[in-house]
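Notes for the structure review
Okay, here's what each chain looks like letter by letter:
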Amino acid sequence: HPDDALIQRLCETLHAGDGEQGSRPAWEIATLRWRFFHPLGPKHLLIFKDPVKPGAEMNFSILSLGPRKGLNVLRLVAAHAESHDDLKQMLAQAEYLAARQADLFLIFTAETRLDQQLRRLDWRCMRNQPDTYMYARANAEPSMPFLFSGEAGDWGFEAITPMSN
């Protein structure tokens, strides 16, 4: 399990883009540890690379591997890469894992930078993308843009590991 210093660096990197694309979870050591690395929760894999330049953001990806409707699915849940080459290196490690353990490798992102890096690496969007819906009281549009990133999307019942009897 990652120590508090590493988790703090992950939190800082996740917050580095706050305000650019809207809101995201307010990550702290305790919430990030609970979400991804708690011993009783779903298992996640962290791939990371320390930045070359002091003060630069950390390159990392957090992956989830588990069964979904009869398939073993590897999902990129959260990631940050300073360049598409950094992302390419991390994805190569994830693809190595996927080739041995998964039937499918999925990435969901609402982040412009990650989307652009994936496209530059020849990853393509699904042809038939699911629709996204939003409700706002009195048909009001939100006053700020927001993103619904993969790391926020599982804060629900799916993230609770069933207890055995």
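Preceding block: the structure.
All of the points below concern the structure found in this document. Not measured: the values here are computed from a predicted model. Within each chain, residue numbers correspond to sequence positions counted from 1 in written order. Given that this is a predicted model, residues contribute local features only at a pLDDT of at least 70 and side-chain atom pairs are listed and counted only at 80 or more, while totals for whole chains, interfaces and linings are drawn from all residues. In computing side-chain values, all of the structure's heavy atoms are included and hydrogens and water are not.

1. A closer look at the side chain of His44
Segments assigned H or I by DSSP are reported as helices when at least four residues long, segments assigned E as strands when at least two residues long, and all are numbered from the N terminus. Mapped onto the secondary structure, His44 falls in strand 1 (residues 44-49). The term polar contact refers here to a pair of N or O atoms within 3.5 Å; inside protein, the definition further demands a hydrogen-donor-capable atom paired with an acceptor-capable atom, and it admits residues adjacent in sequence only when both atoms are side-chain atoms. Separated by 3.2 Å, the side chain of His44 and the backbone oxygen of Phe36 make a polar contact. A polar contact is formed between the side chain of His44 and the backbone oxygen of Pro42, at a distance of 3.3 Å. Here a residue-residue contact requires only that any non-hydrogen atoms of the pair lie within 4.5 Å. Not counting chain neighbours up to four residues away, the residues in contact with His44 comprise Arg35, Phe36, Ile62, Leu63, Ser64 and Val77.

2. Overview of the packing of helix 1 (residues 4-15) against helix 2 (residues 29-37)
Packing of helix 1 against helix 2 brings their axes to within 9 Å, and their N-to-C directions diverge by 100°. Our classification of the angle between helix 1 and helix 2 gives roughly perpendicular. Residues Asp4, Ile7, Gln8, Leu10, Cys11 and Leu14 of helix 1 pack against Ile29, Leu32, Arg33 and Phe37 of helix 2. Following the grouping adopted for this structure description, the nonpolar residues are Ala, Val, Leu, Ile, Met, Phe, Trp, Tyr, Cys and Pro, the charged ones are Asp, Glu, Lys and Arg, and the polar ones are all others, Gly among them. Of the residues belonging to the contact of helix 1 with helix 2, the class tally is seven nonpolar, one polar and two charged. Axis lines are fitted to C-alpha atoms, over the contacting stretch for helices. Their N-to-C directions set the angle, which ranges from 0 to 180 degrees. Should an angle lie under 35 degrees it is considered roughly parallel, over 145 roughly antiparallel, and from 65 to 115 roughly perpendicular; all remaining angles are considered oblique.

3. Some points on the pairing of strand 2 (residues 59-68)
Relative accessible area decides the class of each residue, using a 1.4 Å probe on protein chains only: under 20% of the type maximum gives buried, over 50% gives exposed, and in between gives partly exposed. Across the 10 residues of strand 2, seven count as buried, placing the element largely inside the fold. Strands are labelled as partners when DSSP assigns at least two bridges between them. Where strand 1 and strand 2 come together, six bridges link them in antiparallel fashion. Residue pairing for strand 2: Phe48 is matched across the bridge by Phe60. Where strand 2 and strand 3 (residues 71-80) come together, nine bridges link them in antiparallel fashion. Following the sheet pairing, Ser64 is matched in strand 3 by Arg75.

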